[in-house]
Amino acid sequence: MTRTSESVTPQLHDYLVAHSAPVDPVLADLAEETARRYPDQTTMQIGAEQGTFMTLLARIGGARDVVEVGTFTGYSAICMARGIPADGSLLALDVSEEWTALARRYWQRAGVADKIELRLAPALETLRALPGDRRFDLAFIDADKEGYIGYWEELVPRMRPGGVLLVDNTLSHGRVIDPAETSAPVQGIRDFNDHALADERVEPVLLPVGDGLTMARVRG
Ligand SMILES: C[S@@+](CC[C@H](N)C(=O)[O-])C[C@H]1O[C@@H](n2cnc3c(N)ncnc32)[C@H](O)[C@@H]1O
């Protein structure tokens, strides 16, 4: 029998968050203010344990140059920025002036604003316009799902050997395996998952973290 991952009930989720490195007041306040101001958008923000995991991953991997596609109110950017050194950089891409205004405020509070450069424009345009020699150690894709393959194709060649791409929401809340589900975002995720699996430049794993987190190491 194939062993499966544990189903995480809300109670078990509370327990695992309580037994991970504590979420500091800045992130807790950001999560609270995001939920209060944008109650219909709270599921866009990554969860506490995923954020802690991303901080550790950046730190363990010695990442210096990071790119994020889809910033929202800045939670995941804080987590990754905390895992890189003081002279590291995080390029944050989004289209929303309003949501990222909140992000900027919390980046100041978290003491990571100096590491983060925010560009407001469709992310594919920004990525295509980057200098040819711009390279990254860690990338996080978390924007419009129909765009994932396009972001991936721009980013994989820009990753340093051994670099890691993280891609969020790759289980679409379980809808990826529902044949009745034909929405464009879910189909975008299915297409992306097949695309990443067939890509011989990377070693991927789809983890049951949050709403599905694909982690792919770029071959050396
Ligand atoms: C799921 S949210 C990102 C959440 C964020 N990573 C966090 O953990 O808080 C998706 C973001 O992608 C942005 N977005 C959507 N389409 C985009 C595009 N074409 N280019 C850049 N950003 C885009 C949205 O404005 C939104 O802020």
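Nothing here was measured: the structure is a model prediction, and the numbers come from that model.

**Student:** Help me understand the packing of aromatic side chains in this model?
**Tutor:** The description of two aromatic rings rests on the distance between their centres and on the angle between their planes. Tallying each qualifying case throughout the model produces five aromatic pairs. Judged by centre distance (6.3 Å) and plane angle (80°), the ring pair of Tyr 38 and Trp 99 falls under edge-to-face. You can see Tyr 38 sitting in the loop between α2 (25–37) and α3 (48–60) and its partner Trp 99 sitting in helix α5 (residues 97–110), a full 61 residues away along the chain. With a relative accessible area of 23%, Trp 99 lands in the partly exposed category.

**Student:** Teacher, can you tell me more about the sheet that holds strand β1 (residues 65–69) here?
**Tutor:** Strand pairing in a sheet takes place through backbone hydrogen bonds and is either antiparallel or parallel in direction. Spatial strand order, β3-β2-β1-β4-β5-β7-β6: seven strands in an open sheet with mixed pairing. Each end of this open sheet is capped by a strand with a single partner; those strands are β3 (116–120) and β6 (202–207). Going from strand to strand, the sheet's axes swing by 15° on average, the running direction of each strand aside. Here β1 runs beside strand β4 (residues 136–141); their pairing, made up of four bridges, is parallel. Bridging across to β4, Val 67 finds its partner in Ala 139. Packing of α5 onto the sheet brings it into contact with β2 (89–94) and β3, and relative to β3 it is tilted by some 170°. Its contacts with the sheet put helix α8 (residues 184–198) on β5 (159–168), β6 and β7 (213–218), and the angle it makes with β6 is roughly 140°.

**Student:** Can you walk me through the pairing of β1 in this structure?
**Tutor:** Most of β1 is tucked away, with five of its five residues classed as buried. Because side chains alternate across β1, one face comprises the buried residues Asp 65, Val 67 and Val 69, and the other comprises Val 66 and Glu 68, equally buried. As paired strands, β1 and β2 are joined by five bridges and run parallel to one another. Residue pairing across strands places Asp 65 opposite Ser 89, the latter belonging to β2. One crossover worth recording links β1 to the parallel β2 by way of helix α4 (residues 75–82), and it is right-handed.

**Student:** Just to check I follow, could you spell out the pairing of β7 for this structure?
**Tutor:** For a regular strand, side-chain orientation follows a simple rule: the groups alternate between the two sheet faces. Here β5 pairs with β7 via five bridges, running antiparallel. Looking at the pairing, Asp 168 lines up with Leu 213 of β7. Bridging between β6 and β7 involves six bridges; their strand directions are antiparallel. Note on β7: the bridge partner recorded for Leu 206 is Thr 214.

**Student:** I would appreciate a short explanation of the layout of surface pockets in the present structure.
**Tutor:** Left-over empty space is what a probe sized like a water molecule reveals as it rolls over the atoms. A volume near 1,100 Å³ is recorded for the largest pocket. Forming the walls of the largest pocket are 46 residues, and the residues nearest its centre are Thr 43, Met 44, Asp 142, Asp 168 and Asn 169. At the level of secondary structure, the elements contributing two or more residues to the lining of the largest pocket comprise α1 (10–18), α3, α4, β2 and α8. Here the lining of the largest pocket is built from residues that sort into 21 nonpolar, 17 polar and eight charged.

**Student:** Help me understand the pattern of salt bridges in this model?
**Tutor:** Pairs can form between side chains of opposite charge whenever their charged atoms are close. Applying the stated criterion to the full structure yields 15 salt bridges. Across the pair Arg 119 and Glu 117 runs a salt bridge whose closest N-O atoms are separated by 2.7 Å. Looking at Arg 119, the relative accessible area reads 30%, which means it is partly exposed. Owing to a relative accessible area of 36%, Glu 117 belongs among the partly exposed residues under this scheme. Here Glu 154 ties to Arg 128 by a salt bridge, and the two come within 3.5 Å at their closest N and O atoms. One end of the pair, Glu 154, is in helix α7 (residues 148–155); the other, Arg 128, is in helix α6 (residues 123–128), with 26 residues separating them in the sequence. Three or more residues are tied together by salt bridges with common partners; here these are Glu 33, Arg 37 and Arg 105.

Criteria and thresholds
Residues numbered from 1 in each chain as written. Predicted model: local features only at pLDDT ≥ 70, side-chain atom pairs only at ≥ 80, totals over all residues. Heavy atoms only, no water. Phe/Tyr/Trp six-rings, centres within 6.5 Å; stacked < 30°, edge-to-face > 60°. Helix = DSSP H or I, 4+ residues; strand = E, 2+ residues; numbered from the N terminus. Buried < 20%, exposed > 50% of the residue type's maximum accessible area, 1.4 Å probe, protein only. Pairing = 2+ DSSP bridges. Axes fitted to C-alpha atoms, helices over the stretch in contact; angles between N-to-C directions. Contact = heavy atoms within 4.5 Å. Right-handed = clockwise from strand over helix to strand, strands pointing away. 1 Å grid on protein atoms, 1.4 Å probe; cavity = no way out; pocket = protein on both sides within 12 Å on 5 of 7 lines; lining within 4 Å. Points joined across faces, edges and corners; volume = space filled by probe spheres on them. Nonpolar A, V, L, I, M, F, W, Y, C, P; charged D, E, K, R; others polar. Salt bridge = Lys/Arg side-chain N within 4 Å of Asp/Glu carboxyl O.

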